[in-house]
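# Residue-level structural notes
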Amino acid sequence: MDKQVAIIGGGVIGGGWAARFMLNGWDVRIFDLDPNAERKTEAVLENARRALPGLTDIAMPPEGRLTHCKTIVEAVTDCALIVEAVPERLEIKHAVYADIEAANTTGIIASSTSGIMPTDLQSELKHPERLIVAHPFNPVYLLPLIELVPSEANSAETVQRAKDILTSIAMYPLHV
């Protein structure tokens with residue numbers, strides 16, 4: 001499995017995802033328009049570096065690399081998983097998905113939404129079968145539970161691929 005993930009949105013949830021993946025050996029590309037995104041992500045990462053290793057008696061893998069990207073295209077190209085963690089506004093999410101689909105035709109798009117139905121998120125996608133809801137508990141870097149919410153558009157293979165990726169970073173999907 002190629003251990004490279006894109007995260008679109010570097011706020012509390014996106015930064016938590018970045019820390020979770022990085023501390024489990026994945027390379028992370030993050031895109032966020034906020035001019036303070038790098039500082040905010042680094043603060044979350046520092047908290048995670050202090051806290052996460054204390055939850056296990058097994059040595060953590062070598063830390064992955066973090067790259068702050070200037071565009072969504074730069075972030076998502078060739079990634080098997082793209083985590084969307086932008087504000088809970090459908091029009092923003094749809095605009096982000098259009099950019100993702102234009103740059104990456106094979107990766108799973110995992111929305112961190114806490115309240116929007118997968119079918120609403122998928123409604124404007126060319127390939128709705130690629131999008132699944134993956135709503136983490138917070139803080140993402142500490143709590144290993146995640147709601148994995150597919151729709152009828154998702155194949156069993158897509159759901160299993162998402163589960164495989166999430167369990168590789170010590171997350172335990174609750175399949176809804």
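Described in the following lines is the structure provided in the data block. (Residues numbered from 1 in each chain as written. Predicted model: local features only at pLDDT ≥ 70, side-chain atom pairs only at ≥ 80, totals over all residues. Heavy atoms only, no water.)

### Examining the packing of aromatic side chains
Formally: Ring geometry is summarised as follows: Phe, Tyr and Trp rings, the Trp one being its six-membered ring, pair when their centres sit within 6.5 Å, and such pairs are stacked at plane angles under 30 degrees, edge-to-face over 60 and tilted between the two. Residue exposure (1.4 Å probe, protein chains only): buried if accessible area is under 20% of the type maximum, exposed if over 50%, otherwise partly exposed.
Scanning the model with the defined rule gives two aromatic pairs in all. Here F21 and W26 contribute two aromatic rings whose centre-to-centre distance is 5.1 Å and whose plane-to-plane angle is 65°, an arrangement assigned as edge-to-face. On the basis of relative accessible area, F21 is assigned to the buried category, the value being 0%. With relative accessibility at 0%, the residue W26 sits in the buried group. The rings of W17, F21 and W26 are connected pair by pair, giving a single aromatic cluster.

### Concerning unusual backbone geometry
Short version of the rule: Strands here are runs of E lasting at least two residues and helices are runs of H or I lasting at least four, both read from the DSSP assignment and numbered beginning at the N terminus.
The omega torsion of the bond from N138 to P139 falls at 5°, within 30 degrees of zero and hence cis. Mapped onto the secondary structure, P139 falls in the loop between β6 (131-136) and β7 (145-149). At D78, a position not held by glycine, the phi torsion is positive, near 70°. The residue D78 is located in the loop between α3 (72-76) and β4 (81-84) in this model. Relative accessible area serves as the criterion here: at 61%, D78 is assigned to the exposed category. In this model, A170 sits at a positive phi of 60°, which is unusual for a non-glycine residue. On the basis of relative accessibility, which here comes to 31%, the residue A170 falls in the partly exposed class.

### Topic: the layout of surface pockets
Selection rule: Using only the protein atoms, space was sampled on a 1 Å grid; points where a 1.4 Å probe fits but cannot get out form cavities, open sets with protein on both sides within 12 Å along at least five of seven lines form pockets, and lining residues are those with an atom within 4 Å of a point. Grid points are joined across faces, edges and corners, and a volume is the space filled by probe spheres set on the points. By the convention adopted, Pro, Cys, Tyr, Trp, Phe, Met, Ile, Leu, Val and Ala count as nonpolar, Lys, Arg, Asp and Glu as charged, and the other residues, Gly among them, as polar.
When its volume is computed, the largest pocket comes out at roughly 300 Å³. For the largest pocket, the lining is made up of 23 residues, of which I8, G9, A85, V86 and P87 are closest to its centre. Of all the elements in the fold, those that place two or more residues in the lining of the largest pocket are α1 (12-23) and α4 (90-103). No other element matches the five residues that α4 contributes to the lining of the largest pocket. Class assignment of the residues belonging to the lining of the largest pocket gives a composition of twelve nonpolar, seven polar and four charged. Counted as a void, the second largest pocket has a volume near 200 Å³. Along its surface, the second largest pocket is lined by 13 residues, and N24, L52, T56, M60 and A170 are the ones closest to its centre.

### Description of the pattern of salt bridges
We count it as follows: Any Lys or Arg side-chain nitrogen located within 4 Å of an Asp or Glu carboxyl oxygen qualifies as a salt bridge.
By the definition in use, this model includes eight salt bridges. Its salt-bridge partner being D34, residue K40 comes within 2.7 Å of it at the nearest N-O pair. One salt bridge connects K93 with E88, and the closest N-O pair in it is separated by 3.2 Å. Given a relative accessible area of 39%, E88 falls into the partly exposed group. Put simply, E42, E46, R49 and E63 are held in one network by salt bridges that share partners.

### Section: the sheet that holds β7
For clarity, the cut-off: Here, any two strands with at least 2 DSSP bridges between them count as paired. In this analysis, axes come from line fits to C-alpha atoms, helices being fitted only over the stretch in contact, and the angle between any two N-to-C directions falls in the range 0 to 180 degrees.
Reading across the sheet, the eight strands line up as β3-β2-β1-β4-β5-β6-β7-β8 and stay open at both edges, with mixed pairing between neighbours. Here the strands that pair on one side only, and so sit at the sheet edges, are β3 (66-68) and β8 (172-175). Between one strand axis and the next, the sheet turns by 25° as a mean value, whatever way the strands run.

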